[in-house]
Structure formats: structure tokens, C-alpha cells
Amino acid sequence: MFWLGLFFVITTFLSYISYAYEFQRLFDINIHRVLVLLDLRKENTLATWFSSILFLMTGLAFVLLGWSANFKIANWQRFIFKLTAIGAVLLSADEVASIHETTGKWGKRIAEDLISFLPVDERGFVWVLIFAPIAIVGLIATVIALSKVINQNYQRIATVALWLAVFCLPAVFIFEIFEWIFYSEKLKVLGCWEEVFELLGMYSLFICALLIARQNKL
């Protein structure tokens, strides 16, 4: 899973480079068109399929924590793990259905009539203002709940994975906001970094939940 994610990260950056510097043909093959199929920033590609699978696996890991009768935890922790599982599965669907982009484009039309000082929005970046607060509150709740159930066996690895998720996932919104404010062809590289942090953050959250499930024999 990690190495496949790294592969798609590399192909995403190569897709950006092949477009930005017009290095597109090698042995009469349009390299850029091939790389677009492996670009995490694009819709309906092999890369977004992988990203969707990662979100789904993270959701399933939290299903073990939220619905297992053998896992003795407080009711509030179980409730948070259930919400996290549902949220991750919904995000998995969003990766292939582009729900947040569609919502962003709808929000753009509303915002243009109400707010005059927003930056030019070419891709429906308004979705960040809608979903980021909900996602960050949810992440904080999940991190608190996870930190309470990390046991001794995998404490160091699980803790490192948890803090990596805390660092990477909010950074996704930061990159998105910067790409929105300073929108240009050259700064589309921020979208590449956004995808890197998204994959790394979700993979870390998945590892943390999986280790907790393993140490509790769920």
C-alpha cells in the first residue's frame, strides 16, 4: 500500500512537470497523456481509484474500533469511531464521484452573489470553507479518542502515525487555500503537494487504527 501510494505521488509530480515544461513526447508516445491516468489531481483515474481504496480501508479499520463488541471503550469513544468510519467511507465515495468539487462550484455561485472580496475561483475552491471546519473538528475528536486507547505494545509506532496524521491532514486544506488565493498555472504544483499530504495523512490514520485493532485482537 505504501509503495503503491509512493508510485502515484511520483507520477502526479511527473504529470505536472510534463505539462508545465511541455516534455510530452518520447518514442512517439504522448507521455503526459499516460501520466494523466496516474495523476492524483485528476478525476476518474487509476490514481484516484487507489486514493478511494485507501479511504475505504481506513473506514473499515475504524469499523473494527467502533462496532466490535470485544473492544471495551467508553461510549463517546465508540460513537466517534463510528462517525470516523462513516466519514472515511463517504470520503472514499467522494474521491471517485467528485462530490466536494461539485459542492464547491455550487458554493461559488452562491458566494459570488454574497461576498465580493473572495479570490477568483476557477475550480470551486469554496468547498474548503464548507468542509474544512467540519473535517478539522472531526479529526480533533478522532485524535483524542485514539490517543486514549493506544496501548503499550505498539505505543511508539501508533503515536508517531497519529501525530503524522495530525500534521498532514490539516495541511491539505492549507495547500488548497494557498492554491486558491494564488491561483496560477505554475502554482498548480501545490495541488501535487496537497495530494501527497492527503495520502500520507490517511495512510497514517489507517496504520494507527489498524495497530490499535491488532493489539486488542479485534
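Scoring rules and cut-offs
- Residues numbered from 1 in each chain as written.
- Predicted model: local features only at pLDDT ≥ 70, side-chain atom pairs only at ≥ 80, totals over all residues.
- Heavy atoms only, no water.
- Helix = DSSP H or I, 4+ residues; strand = E, 2+ residues; numbered from the N terminus.
- 1 Å grid on protein atoms, 1.4 Å probe; cavity = no way out; pocket = protein on both sides within 12 Å on 5 of 7 lines; lining within 4 Å.
- Points joined across faces, edges and corners; volume = space filled by probe spheres on them.
- Nonpolar A, V, L, I, M, F, W, Y, C, P; charged D, E, K, R; others polar.
- pLDDT = per-residue confidence, 0-100.
- Buried < 20%, exposed > 50% of the residue type's maximum accessible area, 1.4 Å probe, protein only.
- Patch = residues over 30% accessible without salt bridge, like charges linked within 9 Å, V, L, I, M, F, W, Y side chains within 5 Å.
- Areas by Shrake-Rupley, 256 points an atom, 1.4 Å probe, with all protein chains shown as cover.
- Salt bridge = Lys/Arg side-chain N within 4 Å of Asp/Glu carboxyl O.
- Core = buried A, V, L, I, M, F, W, Y, C linked by side-chain atoms within 4.5 Å.
- Contact = heavy atoms within 4.5 Å.

Participant: I would appreciate a short explanation of the overall build of the protein in the present structure.
Facilitator: For the protein, the helix and strand inventory stands at 8 helices and 2 strands. Starting at the N terminus, the α and β elements of the protein follow one another as α-β-β-α-α-α-α-α-α-α.

Participant: Which parts of the structure should I look at to understand the layout of surface pockets?
Facilitator: By rolling a water-sized probe across the atoms, one finds the places where empty space is left. For the second largest pocket, the calculated volume is near 170 Å³. Around the second largest pocket, the lining residues are Met1, Phe2, Gly5, Leu6, Val9, Phe50, Leu54, Val196, Leu199, Leu200 and Tyr203. Elements with a contribution of two residues or more to the lining of the second largest pocket: α1 (2-20), α3 (46-67) and α8 (189-215). Looking at the lining of the second largest pocket residue by residue, the classes come out as 10 nonpolar, 1 polar and no charged.

Participant: Can you help me understand the confidence of the model for the protein in this one?
Facilitator: Regions with low pLDDT carry predicted coordinates that are not meant to be interpreted in detail. Confidence in the prediction of the protein, expressed as mean pLDDT, is 83, and 81% of residues score 70 or more. Across the protein, element-level confidence peaks in α3 with a mean pLDDT of 94 and bottoms out in strand β1 (residues 25-26) with 56.

Participant: Please explain the environment of Glu176 as it appears in this structure.
Facilitator: Considering the arrangement of structural elements, one finds Glu176 in helix α7 (residues 155-181). According to the relative accessible area criterion, Glu176 is buried, its value standing at 2%. Distance from Glu176 to Glu194, taken between C-alpha atoms, is 6.9 Å for residues 18 residues apart in sequence.

Participant: When you look at a nonpolar patch on the surface in this model, what are you seeing that I'm missing?
Facilitator: On the surface, Leu56, Leu60, Val63, Trp67, Phe79, Leu83, Ile86, Val89 and Leu90 cluster together into a nonpolar patch covering about 820 Å² of accessible area. Secondary structure elements with two or more residues in the nonpolar patch: α3 and α4 (75-97). Per-element tally for the nonpolar patch: the top contributor is α4, with 5 residues. In this structure, Leu60 sits in helix α3.

Participant: What is the right way to read the nonpolar core from this model?
Facilitator: Nonpolar side chains tend to gather and get buried jointly when the protein is soluble and globular. Counting residues in each nonpolar core, the largest one holds 46 residues, and the members touching the most others are Phe62, Leu65, Phe81, Leu146, Cys208 and Ile212. Only α1, α3, α4, α6 (127-149), α7 and α8 provide two or more residues apiece to this core. If sequence neighbours within four positions are ignored, Cys208 has contacts with Leu146, Ile150, Ala158, Ala161 and Leu162.

Participant: Looking at this structure, I do not really get unusual backbone geometry. What am I missing?
Facilitator: For residues other than glycine, phi is negative in most cases, and the peptide bonds are mostly trans. At Lys217, a residue that is not glycine, the phi angle is positive and equals roughly 55 degrees. Here Lys217 shows up in the segment after α8.

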